[in-house]
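# Residue-level structural notes
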Amino acid sequence: MNILTLRSGGDEFRPPRTVRAPKPPKQPLMQRLKDKDRQKFFIAFFVGKLVGVAAFFFLVKTIGPWIIGQAAHASGVKSQDTLGCSAVPYPNTGAVAATQAECNANLVSASNTAWVLVTAFLVFFMQAGFMMLEAGFARTREVVNILVECIVDTCLCAILFWAFGFAFMFGVGNAWIGHSFFFLNGAPATYTLTGATGVAFMAFFLFQFAFADTCSTITSGAMVGRTGFVGDLIYSFCVSGLIYPILGHWVWGPGGLISTVAKPGGTVTSWFVLHDFAGSTVVHTMGGFIALAGGIALGPRLGRKFKRDGGGLPPGHDLLAASIGGVILWFGWYGFNPGSTLSAMDAAGIGRVAANTTLAAAAAGGSAFAFVYFRIKKWDLGISINGFLGGLVAITCPCYWVNATGAIIIGLVAGIVVVFGVDLIEWLRIDDPIGAVAVHGFAGIWGTWSLGLFATGKYGTAVGLLMPGTKTGSVKFFIAQVGGNVIIAVGAFASAFAIMKVIAYFKMLRISEEGELEGIDIHEHGSPAYHPEAAYMGKGLT
Amino acid sequence: MSLAMIVAIIKPHKLEEVKEALLANGVEGMTITEVRGFGRQRGKTENFRGSEYTIDFVPKLKVEVIVPDTDVDKIVSVVSEAAKTGKIGDGKVWSVGVDRLLRVRTGETGTDAI
């Protein structure tokens, strides 16, 4: 019985007791114990239980150590910041590492690990930002659904990323997929494959989990208000467990298809590699295009009239939550970008990245805001939020490799890209309540391509096409940025669209029409976000 | 003596003026409700995320007071003067006959219950 239909007060509302036929008298106990049928049943039942318990213990004995066997590397390993290996014996045997490489792999840098952990916590805090932003831009009847999706999505992502997501993405394997570190087994003390900065393995795992969580939260943006929760769980599983790790492996994994990271002991052999510092492509373009696939597969919310048909974007119900959520995301981005240096030692790099992040966000917020003023003669809040978010998304790829001027230009353009992106999605009759596709997808594309234009060339890449300096390899660099980004965008869209269509075929993607009209909160979650009626206590309405 | 209920739909920011005017004219109680509605000149343009959209139902306040029949004309004009701004959306005032009135605490009926 739905809480909302319970009535308060008095006996007159209680339904009448149903009168059952009287039960036959029980057989006396000794007679029951001697009954042959009962005895046979009892033996079968009891033996079955014993078999079940034995099977459970068998599984625990065999698979258990493999699942939980990996060490947490929390104790025993001495940490220091310089590479004096002879002073760092192995914790159990006291022996000293044989080679410098082996020593490096076990040397945990306390400062680098602390840095990565703090930034991982900031990135995780972006989940709170996403919850507020998405809920604020949606209608009151969709709020509980968004919040539950974000929370469950985070929980699911953590388990999947631990089990096999991290293995697919950062494990050593082939160009398409990694296949080591399943359940984080066999992990060394530090993750050295992206460059030995001495970050403790579990800290690196946490940092990457926070990124995966960000991507899978973005994808729900275009799907709010009408996605059945079972369908949501299934596509969340596929995004966090399959699409994000596998496509991410191509860009960030050791020996990935277009990755700048080589397999251990090898070199990068792909014809072109995609430089993506903190994930404009891997996290945002991917998330945005998966959201696009979902938005197209789902169709618009009921009653939605698009601008070209005389309607428009329905306003958000809580701009306070949305704006604070947006600014929380900006704050979290200070972990997202600077943390991707994976090293507290690269202080100049961290400073440059953080400054570029800020300037791009500021420029984008300003340009979107100013542009829309000339259109509607009002200073619009919603577009200034989406504007600075677009700037943050765009600078995520180039932040390490551009200078401040480049960051500002990238931001200015990103703000305009977001405005036109929102218009385009509306014109295509795709219902995107949060603007996720425009902010993450399109700004992510611009950000990735812009590295090929604005890279200074001083920090390990070729010089960007619009920058001063000798342009050796610049054209290839730009083509690589464009090509790599397109590969990921198309791959993400195609795989997500296929998965959504399959879920839709089994009628699990979209909720029923009455459910949607009643409100997905009541239909899927049984409770409204605002004014849940406390009447069942019998003492008043609120 | 028979009673009437005067109902006025006013602009929300006019509430204080209407309340003071009613109190100054012998009315000792009133009820307000937040409502939405439109009249002949319907529609208002708002905007969200850079696009404009037209809303039909504009937020207003409904004020209800109960007065003796003889005071209806006076109170109607008092309310209408207090609520007027001269621009569209000022609202309407009307009166409805009341059959029965009772004060819950004391049980007084009719005009004594006003």
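For the structure, see preceding data.
Everything in this summary refers to the structure shown in the same document. (Residues numbered from 1 in each chain as written. Chains lettered and ligands numbered in written order. Predicted model: local features only at pLDDT ≥ 70, side-chain atom pairs only at ≥ 80, totals over all residues.)

This paragraph deals with the overall build of chain B. Within chain B, the secondary structure is distributed over 2 helices and 6 strands. If you list the helices and strands of chain B from N to C, you get β-α-β-β-β-β-α-β. Relative to the 2.2 N^0.38 estimate, which gives 13 Å for 114 residues, the radius of gyration of chain B is 17 Å and therefore markedly larger than a compact globule would have. Principal-axis analysis of the C-alpha atoms gives chain B an extent of 60 × 25 × 25 Å. Here chain B holds 114 residues, and the buried ones make up 20% of them. For chain B, the share of sequence-separated contacts (at least 6 apart) that also reach a separation of at least 24 residues comes to 72%. (Helix = DSSP H or I, 4+ residues; strand = E, 2+ residues; numbered from the N terminus. Rg over C-alpha atoms; globule rule 2.2 N^0.38 Å. Buried ≥ 20, exposed ≤ 12 C-beta atoms within 10 Å, placed from the backbone. Contact = placed C-beta atoms within 7 Å.)

Counting secondary structure elements, chain A contains 17 helices and 0 strands. When each of the 542 residues of chain A is scored for burial, the buried share is 48%. Within chain A, counting contacts between residues at least 6 apart in sequence, those at least 24 apart form 74% of the total.

Taken together, the contacts link 16 residues of chain A with 8 residues of chain B. Going through the elements one at a time, helix H11 (347–376), helix H12 (381–396) and helix H13 (404–427) of chain A are the ones with two or more residues in the side of chain A that touches chain B. When its residues are assigned to classes, the side of chain A that touches chain B shows 7 nonpolar, 5 polar and 4 charged. (Nonpolar A, V, L, I, M, F, W, Y, C, P; charged D, E, K, R; others polar.)

Residue and element names in this part refer to chain A. One non-glycine residue, Phe-181, lies in the positive phi region at around 70°. Looking at where Phe-181 falls in the secondary structure, it is placed in the loop between helix H6 (143–170) and helix H7 (201–219). One non-glycine residue, Leu-184, lies in positive phi territory at about 60°. Within the secondary structure, Leu-184 is located in the loop between H6 and H7.

Turning to the pairing of strand E3 (residues 44–48) of chain B, a few remarks are in order. Regular strands show a simple pattern: their side chains alternate between the two faces of the sheet. Bridge count for E3(B) against strand E4 (residues 51–55) of chain B is 5 bridges, and the pairing is antiparallel. By the bridge assignment, Glu46(B) is partnered in E4(B) with Tyr53(B). (Pairing = 2+ DSSP bridges.)

Now for helix H2 (residues 72–83) of chain B. Residues and elements named next belong to chain B. Taking 1.5 Å of rise per residue, the 12 residues of H2 would be expected to cover 16 Å, and the 16 Å separating its terminal C-alpha atoms lies within 8% of that figure. Of the residues making up H2, those classed as buried are Ile-75, Val-78, Val-79, Ala-82 and Ala-83. Taken down its axis, H2 places every buried residue within 115° of arc, on the same side. In H2, the exposed positions that point more than 90 degrees away from the buried face belong to Asp-73, Lys-74, Ser-77 and Glu-81. Buried positions along H2 lie against strand E1 (3–10), helix H1 (15–24), strand E5 (58–68) and strand E6 (92–98). (Expected span 1.5 Å × (residues − 1). Arc of directions from axis to C-beta.)

Our focus in this paragraph is the environment of Ala24(B). In this structure, Ala24(B) sits in helix H1. Expressed as a C-alpha distance, the spacing of Ala24(B) and Val78(B), which sit 54 residues apart in the sequence, is 9.6 Å.

Here we come to the environment of Lys62(B). All names here are of chain B. Within the fold, Lys-62 resides in strand E5. With 15 C-beta atoms counted inside 10 Å, the residue Lys-62 sits in the partly exposed group. The spacing of Lys-62 and Glu-81 is 19 residues in sequence and 16 Å in space, taken between C-alpha atoms. Not counting residues up to four positions away in its chain, the partners in contact with Lys-62 are Val-7, Ile-9, Ile-32, Thr-33 and Val-35.

Further remarks concern the nonpolar core. Of all hydrophobic cores here, the largest spans 145 residues; its most connected members are Met286(A), Ala360(A), Ala414(A) and Ala492(A). With residues up to four places along the chain from it excluded, the contact list for Ala492(A) reads Ile243(A), Leu247(A), Met286(A), Phe289(A) and Ile290(A). Grouped together as the second largest cluster of nonpolar side chains are 16 residues, Ala4(B), Ile10(B), Ile75(B) and Val78(B) included. (Core = buried A, V, L, I, M, F, W, Y, C linked by C-beta atoms within 7 Å.)

Residues and elements named next belong to chain B. Taken in spatial order, the 4 strands make up an open sheet running E2-E5-E1-E6, and their pairing is antiparallel. For this open sheet the edge positions go to strand E2 (31–37) and E6, each flanked by a neighbour on one side alone. The sheet shows a mean angle of 25° between the axes of neighbouring strands, direction not considered. Direction of pairing for E1 relative to E5: antiparallel, over a ladder of 8 bridges. Within E5, the residue paired with Ile-9 across the bridge is Lys-62. (Axes fitted to C-alpha atoms, helices over the stretch in contact; angles between N-to-C directions.)

Residues and elements named next belong to chain A. Between H12 and H13, whose axes approach to 8 Å, the crossing angle comes to 125°. What the angle tells us is that H12 and H13 run oblique. Where H12 crosses over H13, the handedness of that crossing is right-handed. Residues Ile-383, Asn-386, Gly-387, Gly-390, Gly-391, Ala-394 and Ile-395 of H12 form the contact with H13, whose own contacting residues are Ala-407, Ile-410, Gly-411, Ala-414, Gly-415, Val-417, Val-418, Val-419 and Val-422. Broken down by class, the residue content of the contact of H12 with H13 amounts to 10 nonpolar, 6 polar and no charged. (Parallel < 35°, antiparallel > 145°, perpendicular 65-115°, else oblique. Left-handed = near helix turned anticlockwise from the far one by under 90°.)

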